[in-house]
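# Structural overview for review
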Amino acid sequence: MEEKLKLILDELKELKEGQQELKKDVSSIKDNLINGLGPYFERVEKHIDEKTDELKDALEDQQRVIDTLAARSVKHESEIKDFKRILKNH
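Here the idea is simple: oppositely charged side chains can pair when their charged atoms come close. The tally for this structure, following the rule as stated, stands at 4 salt bridges. With its nearest N and O atoms 2.2 Å apart, the salt bridge here joins D61 to R64. In this pair, D61 and R64 both sit in helix α1 (residues 2-89), 3 residues apart, roughly one turn of the helix. On the basis of relative accessible area, D61 is assigned to the partly exposed category, the value being 40%. A relative accessible area of 49% places R64 in the partly exposed class. Between R85 and D82 there is a salt bridge, with its nearest N and O atoms 3.2 Å apart. Of this pair, R85 and D82 both sit in helix α1, 3 residues apart, which is roughly one turn of the helix. The partly exposed category is assigned to R85, whose relative accessible area is 48%.

This part takes up a nonpolar patch on the surface. On the surface, M1, L5, I8, L9, L12 and L15 cluster together into a nonpolar patch covering about 700 Å² of accessible area. Tracing the backbone shows L5 in helix α1. Judged by relative accessible area, L5 falls into the partly exposed class, the value being 48%.

About the criteria used
- Here the residue numbering is sequential within each chain, running from 1 through the sequence in written order.
- The predicted nature of this model means local features are confined to residues of pLDDT at least 70 and side-chain atom pairs, given and counted, to a pLDDT of 80 or more, with totals for whole chains, interfaces and linings taken over all residues.
- Excluded from the side-chain calculations are hydrogens and water; all other atoms, namely the structure's heavy atoms, are used.
- Take a side-chain nitrogen of Lys or Arg and a carboxyl oxygen of Asp or Glu: if they are within 4 Å of each other, that pair is a salt bridge.
- Each helix is a run of DSSP H or I of at least 4 residues and each strand a run of E of at least 2, with the numbering of both proceeding from the N terminus.
- Only protein chains enter the accessibility calculation, which uses a 1.4 Å probe. A residue is then buried if its area is under 20% of the maximum for its type, exposed if over 50%, and partly exposed in between.
- A patch is a set of surface residues, each over 30% in relative accessible area and not in a salt bridge, joined within 9 Å for like charges and within 5 Å for the nonpolar side chains Val, Leu, Ile, Met, Phe, Trp and Tyr.
- Per-residue accessibility takes into account occlusion by the displayed protein chains alone, with areas from the Shrake-Rupley method and a 1.4 Å probe.

Below, the structure written as structure tokens:
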């Protein structure tokens, strides 16, 4: 009976040691993930910020072109109306 208890206690001790080893491994993996993914996400964030700035610049340029074309369109429309009026009066 004592021998069986001793075997059970030994097994429990091994289990406890195994759990402690697993805790260390999990902690190590967690630290590696945090330390490894942190810089990766910073690079991704920087890349996204750069691309967003590029898109903003491109959109601003396109908006300037659209504004210029809209102003020309209004001017041309006015000139066409003037020509029509002149032709109608002659």
